[in-house]
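Examination of the molecular architecture
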Amino acid sequence: MHTVMTTNNGYDSILLVDDNDKVVSAWGAEKATLEAFVRDTDAAEWNEGEWHTFGDPTGEEIEDELRTIASFGEECGRDGVIASDERKRFWFRD
């Protein structure tokens, strides 16, 4: 399992993905969620099956598409490391 941060033109997300990068949980990014992402780098600290802010796609006709990282935006961080300087500045500017 891995944690992944994504961004798109509307919002940032934190995802829990399996070893095949299938999304198994998703949270809309908030300051506390981002702080946890950076602090709790072990994916085992995150709960599978949580869909905060997002609906659980289980059973939906396009479930496979909805469980991809790309459906949440562009990956900009993984396992507690925010790779995008722009997203770091946005969330941790103070």
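Above this text is the structure in question.
Report on the accompanying structure. (Residues numbered from 1 in each chain as written. Predicted model: local features only at pLDDT ≥ 70, side-chain atom pairs only at ≥ 80, totals over all residues. Heavy atoms only, no water.)

Right, let's talk about the pattern of salt bridges for a bit. Oppositely charged side chains are able to pair whenever their charged atoms sit close together. A full pass over the atoms with the stated rule returns eight salt bridges. The partner of Arg78 in a salt bridge is Asp21, and the shortest N-O contact between them spans 3.2 Å. On the criterion of sequence distance, the pair formed by Arg78 in strand β4 (residues 74–78) and Asp21 in the loop between β2 (12–17) and β3 (23–28) is long-range, its members being 57 residues apart. With relative accessibility at 31%, the residue Asp21 sits in the partly exposed group. For Glu63, the salt bridge goes to Arg67, with nearest N and O atoms at 2.9 Å. Take Glu63: its relative accessible area is 19%, and that puts it in the buried class. Relative accessible area serves as the criterion here: at 9%, Arg67 is assigned to the buried category. Several salt bridges converge on common partners, so that one network encompasses Asp12, Glu86 and Arg87. (Salt bridge = Lys/Arg side-chain N within 4 Å of Asp/Glu carboxyl O. Helix = DSSP H or I, 4+ residues; strand = E, 2+ residues; numbered from the N terminus. Buried < 20%, exposed > 50% of the residue type's maximum accessible area, 1.4 Å probe, protein only.)

So, about the nonpolar core. The biggest cluster of nonpolar side chains holds 14 residues, and the ones touching the most others in it are Met5, Ile14, Leu16, Leu34, Phe37 and Trp46. Elements with a minimum of two residues in this core: β2, β3 and α1 (31–39). Those residues in contact with Leu16 that sit more than four places away from it in its chain are Met1, His2, Thr3, Lys22, Val23, Val24, Ser25, Trp27, Ala43, Trp46, Asn47 and Glu48. (Core = buried A, V, L, I, M, F, W, Y, C linked by side-chain atoms within 4.5 Å. Contact = heavy atoms within 4.5 Å.)

Turning to unusual backbone geometry, a few remarks are in order. Trans is the prevailing form of peptide bonds, just as negative phi is the prevailing case for residues other than glycine. Not every positive phi belongs to a glycine, and Thr53 is a case in point at roughly 75°. Residue placement: Thr53 occurs in the loop between α1 and α2 (63–66). Classification of Thr53 as exposed rests on a relative accessible area of 68%. Here the phi dihedral of Asp79 falls at roughly 50°; this positive angle occurs in a residue that is not glycine. Its place among the elements puts Asp79 in the loop between β4 and β5 (81–82). Take Asp79: its relative accessible area is 26%, and that puts it in the partly exposed class.

From the geometry alone we can't say anything about function, so treat these as descriptive.
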